[in-house]
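Survey of secondary and tertiary structure
Okay, here's what each chain looks like letter by letter:
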Amino acid sequence: PHAAATLLVFHLRDRPEGLLSKKTFTRWLAIPNMQGGAQEEEAHALVKQLSKETRGLVSALFSLLRGVAEEHSTYYKDGLATRITALSQLFGPLLLRPTQDKEHPMACRTIQALISNPHLVSVP
């Protein structure tokens, strides 16, 4: 999974816009502050607004990132949360494209929540 994630970094970096829609940027940033059903409902609503192709890519991406985090956690023995945090710091800016410094940590927290709970972005 690590090699696939590396290729995705290059692809996402070269895209003109983040994978998650800029139109719904502030709604994505609110995801980590929501609880239970509200969080899942909002994430599913946001994913449904993406194109069918992007929805499939987003679902596969977060499943892959979760797999990478689990694999690295086992190898490095530093805990799953540490690996998820590291991946969110890499992928947060690539997926959401924050434009202000204050948005960067919020983007990372959003991606962290989605890697921790990939079912949030798994919408048929």
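The notes below deal with the structure included here. (Residues numbered from 1 in each chain as written. Predicted model: local features only at pLDDT ≥ 70, side-chain atom pairs only at ≥ 80, totals over all residues. Heavy atoms only, no water.)

1. Observations regarding the overall build of the protein
Heads up, the rule is: Counting from the N terminus, the helices are the DSSP runs of H or I reaching at least four residues and the strands are the DSSP runs of E reaching at least two. Note on method: radius of gyration uses C-alpha positions; expected globular size equals 2.2 Å times residues raised to 0.38. Classification of residues uses two cut-offs on accessible area relative to the type maximum, computed with a 1.4 Å probe and protein chains only: under 20% is buried, over 50% is exposed, and between them is partly exposed. Here a residue-residue contact requires only that any non-hydrogen atoms of the pair lie within 4.5 Å. Each accessible area is a Shrake-Rupley estimate made with a 1.4 Å probe; only the visible protein chains count as cover when residues are assessed. We treat Lys and Arg as the positive residues and Asp and Glu as the negative residues; His and chain ends play no part in the count. The atoms used to mark charge sites are NZ of Lys, CZ of Arg, CG of Asp and CD of Glu.
Helices and strands together make up the secondary structure of the protein, namely six helices and zero strands. Ordering the α and β elements of the protein from the N terminus gives α-α-α-α-α-α. Here the C-alpha radius of gyration of the protein, 13 Å, is about what a compact globule of 124 residues would show, namely 14 Å. Taken along its principal axes, the extent of the C-alpha atoms in the protein is 40 × 35 × 35 Å. Taken over 124 residues, the protein has a buried fraction of 44%. Sequence separation of at least 24 residues holds for 65% of the intrachain contacts in the protein that already meet a minimum separation of 6. Of the roughly 6700 Å² that the protein leaves accessible, carbon and sulfur atoms contribute 56%. Each charge class in the protein can be summarised by its mean position, and for the 14 positive and 11 negative side chains these summaries are 2 Å apart.

2. Focus on the pattern of salt bridges
Two side chains with opposite charge may pair up if their charged atoms get near one another. Stated precisely, the cut-off is as follows: Put simply, a salt bridge is a Lys or Arg side-chain nitrogen that is within 4 Å of an Asp or Glu carboxyl oxygen.
A full pass over the atoms with the stated rule returns four salt bridges. Between Asp-14 and Arg-13 there is a salt bridge, and its shortest N-O distance comes to 3.3 Å. On the basis of relative accessibility, which here comes to 57%, the residue Asp-14 falls in the exposed class. Close ionic contact of Asp-78 with Arg-83 constitutes a salt bridge, the shortest N to O distance being 2.5 Å.

3. Examining the environment of Ala-4
Locating Ala-4 in the fold gives a position in helix H1 (residues 2-14). Ala-4 sits eleven residues away from Arg-15 along the chain, and the two C-alpha atoms are 17 Å apart.

4. Quick look at the packing of helix H5 (residues 80-96) against helix H6 (residues 103-116)
Condition: Axes, fitted as lines to C-alpha atoms, cover a helix only where it is in contact. Angles between the N-to-C directions of the axes lie from 0 to 180 degrees. Crossings are sorted by hand: turned counterclockwise from the far helix by less than a right angle, the near helix makes the crossing left-handed, and turned clockwise it makes it right-handed. Residues are grouped as follows: Ala, Val, Leu, Ile, Met, Phe, Trp, Tyr, Cys and Pro are nonpolar; Asp, Glu, Lys and Arg are charged; all remaining types, including Gly, are polar.
Here H5 crosses H6 at 115°, and the two axes come no closer than 7 Å. H6 is crossed by H5, and the crossing has right-handed handedness. Here Ile-84, Thr-85, Leu-87, Ser-88, Gln-89, Phe-91, Gly-92, Pro-93, Leu-95 and Leu-96 of H5 come into contact with H6, specifically with His-104, Ala-107, Cys-108, Thr-110, Ile-111, Gln-112, Ile-115 and Ser-116. Partitioned by chemical class, the residues of the contact of H5 with H6 number ten nonpolar, eight polar and no charged.

5. Let's talk about the environment of Leu-57
Turning to its location among the elements, Leu-57 is positioned in helix H4 (residues 52-76). For the pair Leu-57 and Leu-12, spaced 45 residues apart in sequence, the C-alpha to C-alpha distance is 11 Å.

6. Some details on the environment of Ile-111
As for its placement among the helices and strands, Ile-111 is situated in helix H6. In this structure the C-alpha to C-alpha distance between Ile-111 and Glu-42, which are 69 residues apart in sequence, comes to 14 Å. Not counting residues up to four positions away in its chain, the partners in contact with Ile-111 are Leu-20, Phe-62, Ser-88, Phe-91, Gly-92, Leu-95 and Leu-96.

7. Quick word on the packing of H4 against H6
How we decide: Throughout this description, any angle smaller than 35 degrees is read as roughly parallel, any larger than 145 degrees as roughly antiparallel, any in the 65 to 115 degree range as roughly perpendicular, and the remainder as oblique.
At a minimum axis separation of 8 Å, H4 and H6 run at an interaxial angle of 80°. Compared by their axis directions, H4 and H6 come out roughly perpendicular. Here H4 contributes Phe-62, Leu-65 and Arg-66 to the contact with H6, which in turn contributes Ile-111, Leu-114, Ile-115 and Ser-116. Residue composition of the contact of H4 with H6, grouped by class: five nonpolar, one polar and one charged.

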